[in-house]
Amino acid sequence: MRQIKNCVNFDFIYEKAAPYYSHTGRKSIDPVVMIKMLLIGYLYGIKSERRLEEEVSLNLAYRWFCELELTERVPDHSTFSQNRRRRFKDNALFREMFNDIVIQCIEKGIVSGETVVADGSFLPANVSLKSSIEVVEKVQQSSIHYLDELEKEMSEIAGYKPPSTKEVTKRSLKSSTDPDCGYINQKNKKGLGYLTEMTVDTSHGIITGVDCYPANHRESDIILNHIKKQKEALSIDLKSLALDGGYDVGAIHRGLELLGIDGYTAIRVYQNNALKKGFEYDSITDSFICMHKNSLTFQRLIFKKSSMNYYRLYSRPRKHCSGCPQIHTCEIDCGSIRINASGNYPAFYRSKQKYQTPEYFRVMQLRKIWAEGTFSALKREHNLERIHKRGILRTEEECLLAAMALNLKRMAKAA
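Throughout what follows, the structure given in this document is the object of discussion. (Residues numbered from 1 in each chain as written. Predicted model: local features only at pLDDT ≥ 70, side-chain atom pairs only at ≥ 80, totals over all residues. Heavy atoms only, no water.)

**Regarding the nonpolar core**
Counting residues in hydrophobic clusters, the biggest one holds 95 residues, and the most contacted among them are F10, I207, L224 and I252. With 11 residues, helix 13 (residues 392-414) is the single largest residue contributor to this core. When neighbours within four sequence positions are excluded, I207 is seen to be in contact with F98, V102, M198, T199, V200, T374, L378, A403, L406 and N407. By size, the runner-up hydrophobic cluster in this structure holds 17 residues, among which are F279, Y281, C290 and I337. (Core = buried A, V, L, I, M, F, W, Y, C linked by side-chain atoms within 4.5 Å. Buried < 20%, exposed > 50% of the residue type's maximum accessible area, 1.4 Å probe, protein only. Helix = DSSP H or I, 4+ residues; strand = E, 2+ residues; numbered from the N terminus. Contact = heavy atoms within 4.5 Å.)

Below is the structure:
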């Protein structure tokens, strides 16, 4: 606490909190004292705010950090819940505080943006599985919206048509006590909860971005807007980004290029791959070359309603390959040899060329250290083993405060 107090000036909270307080009436509780108390809870793993009130009241070090005199009364635990309900219900203050601390780290040279890592983690909700109910609802299903810039570029490619929607019946599990959380059923993750997406700068392990979603969201659908929000809020130049295999999607690779970021993802095996059938991709002409050196050139974009995705169509008239002994191994449809590749296949291919390079091994090693290590520290030491409150806004508050606590520790050590 002494290190944190010496390197961080918390007076910026007064400016951030000013819109939430009146200039008339009875004197309110100092917002800096409230925030410092909450940070103590996350710094030392105090999960209950009733317990936090007792600890600050009895611990002289905590009183000193909060600048409370020996005879001064500690704010009541109910003060926090009332302020959440009346003042800080939209989390704007906690988000601004988090960003301000990251900006201080940038100004001190602790955050460089040279290499960052990002990942998502499942956080169990504060609900019982017995509270789960099956919900059946009709929803309008459409293509995934990754990034505005990506959608604009896609709309300028030959064959583009505005994506259609279809009404589907969706069955899902939700909790009657916390309707905001989602249900996830994966090999190592199962239950009702939330997904938190975080980005960590590898210079000193400072968390630069935090977002929260219901657990049934896919990490690859949210990463691009997660990164874009950081660039806009922090005015930081992110150069290299390391991700795991779940983000190995053509749209992610192209989106990162449009954001000016050099992206690296872990290797992901695709079953229906033209390169496995002996084809080669020529990035200069944007075409596939078969074993007999015949080219399947890019024709247009096609939208498949079954998968609600865009694909790039590469084809060659069948009559030009009539004498080829390997023709039976090719996909033949509508009188032509066809390959349907990712809608952003050129960017997907460029990303594949980074595999096995020294830079690839370097950033992926950093991802193992800082992404997985950061989530481990947050869950072990800073109250993020599970969510203690209910609702997406309160979940985001917990994640922001836990990330702030870890940032303050790493900031104090680096100073």
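**Description of the packing of aromatic side chains**
What the rule picks out here adds up to 15 aromatic pairs. Looking at K304, its charged tip hangs above the ring of Y311, at a distance of 5.2 Å from the centre. Taking the ring centre of F298 as reference, the NZ or CZ of R312 above it sits at 4.0 Å. (Phe/Tyr/Trp six-rings, centres within 6.5 Å; stacked < 30°, edge-to-face > 60°. Lys NZ or Arg CZ within 6 Å of the ring centre and 35° of its normal.)

**A short note on the packing of helix 4 (residues 49-58) against helix 6 (residues 77-86)**
Running from N to C, helix 4 and helix 6 cross one another at 130°; their axes reach a closest spacing of 7 Å. Considered as vectors, helix 4 and helix 6 are oriented oblique to each other. Of the residues in helix 6, those touching helix 4 at E49, R50 and E53 are H77, F80 and R84. For the contact of helix 4 with helix 6, the residue count by class is one nonpolar, one polar and four charged. (Axes fitted to C-alpha atoms, helices over the stretch in contact; angles between N-to-C directions. Parallel < 35°, antiparallel > 145°, perpendicular 65-115°, else oblique. Nonpolar A, V, L, I, M, F, W, Y, C, P; charged D, E, K, R; others polar.)

**Focus on unusual backbone geometry**
Trans peptide bonds make up the majority, and among non-glycine residues the majority have a negative phi. One non-glycine residue, S235, lies in the positive phi region at around 50°. With respect to the helices and strands, S235 occurs in the loop between helix 9 (219-234) and strand 7 (240-243). Here M308, not a glycine, exhibits a phi torsion of approximately 60°, which is positive. Tracing the backbone through its elements, the reader meets M308 in the loop between strand 11 (295-304) and strand 12 (309-317). With a relative accessible area of 3%, M308 lands in the buried category.

**Some details on the environment of G191**
Here G191 lies in strand 5 (residues 190-201). Classification of G191 as buried rests on a relative accessible area of 10%. Between the alpha carbons of G191 and A215 there is a distance of 8.7 Å; along the sequence they are 24 residues apart.

**Looking at the pattern of salt bridges**
Scanning all chains against the criterion turns up 28 salt bridges. Close ionic contact of K36 with E67 constitutes a salt bridge, the shortest N to O distance being 3.8 Å. With K36 in helix 3 (residues 31-43) and E67 in the loop between helix 5 (60-66) and helix 6, this residue pair connects regions lying 31 residues apart in the sequence. Judged by its relative accessible area of 4%, K36 falls in the buried class. For E67, a relative accessible area of 54% puts it in the exposed group. Across the pair K152 and E156 runs a salt bridge whose closest N-O atoms are separated by 3.1 Å. Residue classification places K152 among the exposed positions, given a relative accessible area of 53%. (Salt bridge = Lys/Arg side-chain N within 4 Å of Asp/Glu carboxyl O.)

**Let's talk about the environment of F279**
Turning to its location among the elements, F279 is positioned in the loop between strand 8 (262-265) and strand 9 (280-282). Residue classification places F279 among the buried residues on the basis of a relative accessible area of 9%. Residues F279 and K293, 14 residues apart in the sequence, show an inter-C-alpha distance of 9.0 Å. Residues in contact with F279, not counting those within four places in the same chain, are A274, F288, I289, C290, L296, C330 and I339.

**Topic: the state of the cysteines**
Per the stated rule, a full pass over the model turns up zero disulfides. Looking at the unpaired C399, the closest cysteine sulfur is the one in C212, lying at 3.4 Å. Among the residues examined, C399 registers a relative accessible area of 0% and is labelled buried. (Disulfide = S-S within 2.5 Å.)

**Structural notes on the side chain of E197**
Mapping E197 onto the fold places it in strand 5. Buried within the structure, E197 lacks any salt-bridge partner; its nearest side chain of opposite charge belongs to K189, at an N-O separation of 8.6 Å. Engagement of the side chain of E197 in a polar contact is seen with the side chain of Y247, the distance being 2.8 Å. Apart from the residues lying within four places of it in its own chain, the contact partners of E197 are A118, D119, G120, G209, V210, D211, E219, I222, I223, H226 and Y247. (Lys, Arg positive; Asp, Glu negative; His and termini not counted. Polar contact = N/O pair within 3.5 Å; in protein donor to acceptor, adjacent residues only side chain to side chain.)

**So, the packing of helix 3 against helix 13**
Where helix 3 meets helix 13, the axes come as close as 9 Å, and the angle between the chain directions of the two elements is 80°. By the angle between their directions, the pair helix 3 and helix 13 is classed as roughly perpendicular. When helix 3 is examined against helix 13, the residues L38, L39, Y42 and L43 are found in contact with a partner set consisting of E398, L401, A402, M404, A405, L408 and K409. A class-by-class count of the residues in the contact of helix 3 with helix 13 yields nine nonpolar, no polar and two charged.

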